[in-house]
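The chain contents come next:
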Amino acid sequence: MGIRNPVLASDKGIMPTIGNQQIKLLERLCNAIAISGDEGEVRAIVLEEIKGHVDEVRVDALGNVLAVKKGTGKKTLRVMLSAHMDEVGFMLVADDGEGLFRFELVGGIDIRQLPGKAVLIGRDHVPGVIGARPIHLTSREERQEKIPLDTLRIDTGPGNSKVKPGDRGTFATRFQQSGPSLMAKSLDDRLGVVTLIELIKHAPAGIDLQAAFTVQEEIGLRGAKVATYAFNPDIGIALDATPANDLPSWDGLENNTYNTKLGLGPAIYIADSGILSDPRLVRWLVETADSRKIPYQFRQPGGGRNDAGAMHLAQAGIPSVSVSVPHRYSHTAISVARLEDWKNSLALLQAALTRLTPELLASERA
Amino acid sequence: MTELIPFLKDLISAPGLSGYEDPVTKIIEDKWRPLVNEISRGKTGSLQGLRHGTGEAPRPSVMVATHMDAIGLMVTGITEGFLRISEVGGVDARILPGTPVNVFSTGAGVAKVLHGLVTQPSAPLLPEQERDGPVALGNLLVDTGLLPRQVTELVRTGDLVSFAQSPVELSGETLSGHSLDNRASVGALTVCLEELQTRTHSWDVWAVATSQEEVGLLGASSSTYQIHPTIAIVVDVTFAKGPGTSDWQAFPLGKGPTIAMGPNMHPALHKAMQGMADSLELPYALEFSPSHSGTDGWATQVSAEGIPTLVVGIPLRYMHMPVEVVAIKDIQRAGRLLAGFISSLGPDFMEKMVWDK
Amino acid sequence: MSLHHGENMKSLIQKLTETFSPSGYESAIRDVIRAEVEALADDVRVDTLGNLIARKGEKGKTGRRIMLAAHMDEIGLIATHIDANGFVRFTGIGGIQPHSLVGGRVHFANGSPGVVGAEQADFSATKMPALSEYFIDVGATSLKDCPVKIGDVAAFQRPFLDLGRRLVAKSMDDRIGCAVLIETLHTLGSTPHELYFAFTTQEEVGTRGAITSAFGIDPDIGLAVDVTLTGDTPKSKSMAVSLGKGPAIKVKDSGMLADQRIVEWMCSTAKKRRIPYQREVLEGGTTDARAIQMTRSGVLAGCLSIPCRYVHTPSELVDYEDVQNAVNLMVALLSAPVHW
């Protein structure tokens, strides 16, 4: 049972904003390492941040953080919001000696993103590098092929004794801002995590907010599956970060597979490969955005999935949708997102949750 | 367990392809009946045995799951007396040509076992790209030696085909045959149950021989949901070092079971099992499982609101071939490790089940 | 006893197949089916994912709770981008096969019709364009005058064709299954069972409606009615199912092994009633039965299949006698206690 602040920001109708405090928290989250199945470092930050702002909190059998902030009033909808704590990365699987480790990927990483990168391993963030054969020693034929994963090694230096097979790690990128942009690793989904923390701190009184900081999204939406079963909410909303592939095409022709674009606001999902969003919820978000003049875009229907894909199939079915912050270079060392898109994402969610009533689900799904 | 080898031979000689596990289920049921308080079948074919613990009710429970189904083939049609086949579970078609098989025919209302072989038609009868290379399963045929008229009477679409290789004891206390994936683990669980006869355990113990692991973990999914155990331990075979299998994913034969770690396993459960192996001075290896464990554990962990799960491995060579090889000692060690672990479970064990130290 | 519904059933099949309802957007077909079953069922409800569930009967001493499932949704297309010239880019909802697209006619939920074109004029046998190389021409000339926007869904548009013994339509998969269930409900006299006729949603994108409706119904037994492929066209992939030889009793498909007790029950009932049937192993494809089988503590599940040619093209073709025999077999199965 948390200690409640006697006068809540949400009571005074104060909307959450993104200022230095929130950016610093995002920085802390992005610089932390939490690979699928080993989310402890981010879990600790989340537990610390939400303490005192929720009525109940527990860590479940998979490591999900499940927290509830109850609303006031009689007929409150139970709204589950999820953000996944895990990021893609590596697991060390064999010690080749002299500080060299064979590693495997955890989650989807394009192997062309690996050579020449600095990495960090384990809770102690032990530094390492991923090198490759020097160009001088390669042939032209060889350079036409991708460098196979099983030839790459993480090099922690010959004197290392702190790192061992089983340890997890990822790129060593440090968070920074550049003009309007945020540049960091794991914007997918630390942006969702930090947004959910803010929503908890300003939870609208009219709903029961069931917050799920999920694990193992990147390897099959596994945390969300069990969390939704446990919560059995009336509505499910996944907060994620979605790719913006909005670069120029090599042939100068129009790019029509951009998925989302930076700077156009939060992305509302109509469909991805995991879920056909409940149209009632899509309409609710669109109406909210239109009435408050919050910019938004639709994520292009197509491949990729997130926690909503698991949420909507739990129990006897949960009406679900997702809202994501666009980001470039997903699942690579450095992702880029716009601060403004994040702000508008938070604003859209807060506004939408504040005007949510049970009437939304009164009609049949259509 | 002195009769382990004969029991294993019985197990792997009984048919029991995914979805059709009845013959092997009966053998396991007969073996387990004196070792458990209750025994029953799950809705989708798993065998579920329960040993009551000595603790006060309501007692926590540990479910140990070992799949009993085996891979094989299924008849998809008959062409000029030859059987067309598809796989049940993962079969590398390249190992099939020339393989002796048993056809479990059910035509004409009579069940009959026919002897046959998988044949690779001669080159002119194959598509160009297969004349000199691997032949796809769809172009391999089973010849039973019977005339087409006889085949049509006896065999129906959907009839099952299994490898006919008999068990062979190799040197160094090893056993070779098909279906050691995963009947070897059923053997280990049986060793565990026998050990528990002479020990006390405060927790309830569910011994489950699951169905249909090879085709989608159905038995594990159904049984875990029905039983709703406090923790789940899955025992499955893992890769043993051997020809073509020598990297980090493979473990020496005869040097003990493996204890796996990764997202599919609860770290505290892994630590407790490792501690038990150390205290029993049993040899074992750490198995690294970066994501999908490839076992029933993938289903048990996400049942209902989530079940802490662990996977213990028994090294095995030539997985999914008619000539799989296991070391008897590894099976015995796995069984003793499980028994030791189960006996050690006390009323406060779950307090240790936290993700972060 | 053979029950023929003659032209009535054909007009039902026509009405069902000519309705627009791609996965996720099934309200139109749900309304059509609801009107057909409302008066025949003890109660009707719609669940969260839009599944239409009609209950008939109470579980007697010799009865079970049986879920019948036929999916209402059809495959379709969903707009991903409108370009400056008003061409609509799209991706598939469910298994859209590129080779069935060019020159095809579709229409959107808002009624806008369109024609599918592709980026390359010539295809060789070895190069099939990806869906991203196709587009829909709705007759617009610019982004501004295009009546379609991102997220809008479309389905094939083709009229039903009655060739006498053979019937052709788009979305036979699985409106023919829906027709079989409606006709079964219509024909069924008494039953010892508690029956749930589930007209499911979103099967084509992963049997999703069946997952949630099966959890809600919590049945003892589940039977899906869906189409299956055949091996009886020129140089087709080998398969032991043909049109006109009766409905198929599924033994295995790529997602599921039917429970052998269910297969036994279905085969022995068909034999006893002298209803022609075929045994089916399908390589490549699965049905709602798989989702039902994995529900909760497990469900005894099987599938009755309607052999169908040209599945997932705008002109799926079935044999009308197979369809009628499917109804006969369903009625026979559900009128008596289960046995195996």
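Remember, predicted model here, so these are calculated numbers, not experimental data.

(A) A look at unusual backbone geometry. A cis amide bond links A57(B) with the next residue in sequence, P58(B), at an omega value of -5°. Of note, P58(B) is situated in the loop between strand 2 (47-51) and strand 3 (61-67). Between D181(B) and the following residue, N182(B), the backbone shows a cis peptide bond with an omega angle of 15°. Relative to the elements of secondary structure, N182(B) occurs in helix 4 (residues 180-196). Positive phi is not limited to glycine here, since N259(A) has a value of about 70°. Among the secondary structure elements, N259(A) is positioned in the loop between strand 13 (235-243) and strand 14 (267-269).

(B) Layout of the sheet that holds strand 9 (residues 160-163) of chain B. Residues and elements named next belong to chain B. Read around the closed barrel, six strands run 4-5-8-7-6-9, paired in antiparallel fashion. Ignoring strand direction, the axes of neighbouring strands in this sheet form an average angle of 45°. As defined by bridge partners, strand 5 (residues 82-88) adjoins strand 8 (residues 141-143) across two bridges and the pair is classed as antiparallel. Paired with L83 across the bridge in strand 8 is V142.

(C) Here's a closer look at the packing of helix 6 (residues 267-279) of chain B against helix 8 (residues 328-344) of chain B. Residue and element names in this part refer to chain B. Running from amino to carboxyl end, helix 6 crosses helix 8 at an angle of 115°, the nearest separation of the two axes being 9 Å. For the element pair helix 6 / helix 8, the angle class is roughly perpendicular. Every pair of crossing elements has a handedness; the one defined by helix 6 and helix 8 is right-handed. Here helix 6 contributes M273, M276 and A277 to the contact with helix 8, which in turn contributes L337, G340, F341 and S344. Classifying every residue of the contact of helix 6 with helix 8 by side-chain character gives five nonpolar, two polar and no charged.

(D) Up close: the interface of chain B and chain C. Across the contact, 22 residues belong to chain B and 18 residues belong to chain C. Broken down by element, the residue count for the side of chain B that touches chain C peaks at five residues, all from helix 5 (residues 218-227) of chain B. Taken together, the residues of the side of chain B that touches chain C sort by class into five nonpolar, 14 polar and three charged.

(E) Geometry of the sheet that holds strand 3 of chain B. Residue and element names in this part refer to chain B. With respect to topology, eight strands assemble into an open sheet ordered 1-2-12-3-13-16-14-15, the strand pairing being mixed. Every other strand in the sheet has two partners, leaving strand 1 (38-41) and strand 15 (285-288) as the edge strands with one partner each. Going across the sheet, the axis of each strand differs from the next one's by a mean of 25°, ignoring polarity. Strands in contact with helix 6 are strand 13 (231-239), strand 14 (258-261) and strand 16 (309-316); relative to strand 14, the strand with the most contacts, it is inclined by about 160°. Lying over the sheet, helix 8 contacts strand 3, strand 12 (204-210), strand 13 and strand 16, oriented at roughly 160° with respect to strand 16.

Reading the values: the criteria
Residues numbered from 1 in each chain as written. Chains lettered and ligands numbered in written order. Predicted model: local features only at pLDDT ≥ 70, side-chain atom pairs only at ≥ 80, totals over all residues. Helix = DSSP H or I, 4+ residues; strand = E, 2+ residues; numbered from the N terminus. Pairing = 2+ DSSP bridges. Axes fitted to C-alpha atoms, helices over the stretch in contact; angles between N-to-C directions. Parallel < 35°, antiparallel > 145°, perpendicular 65-115°, else oblique. Left-handed = near helix turned anticlockwise from the far one by under 90°. Contact = placed C-beta atoms within 7 Å. Nonpolar A, V, L, I, M, F, W, Y, C, P; charged D, E, K, R; others polar.

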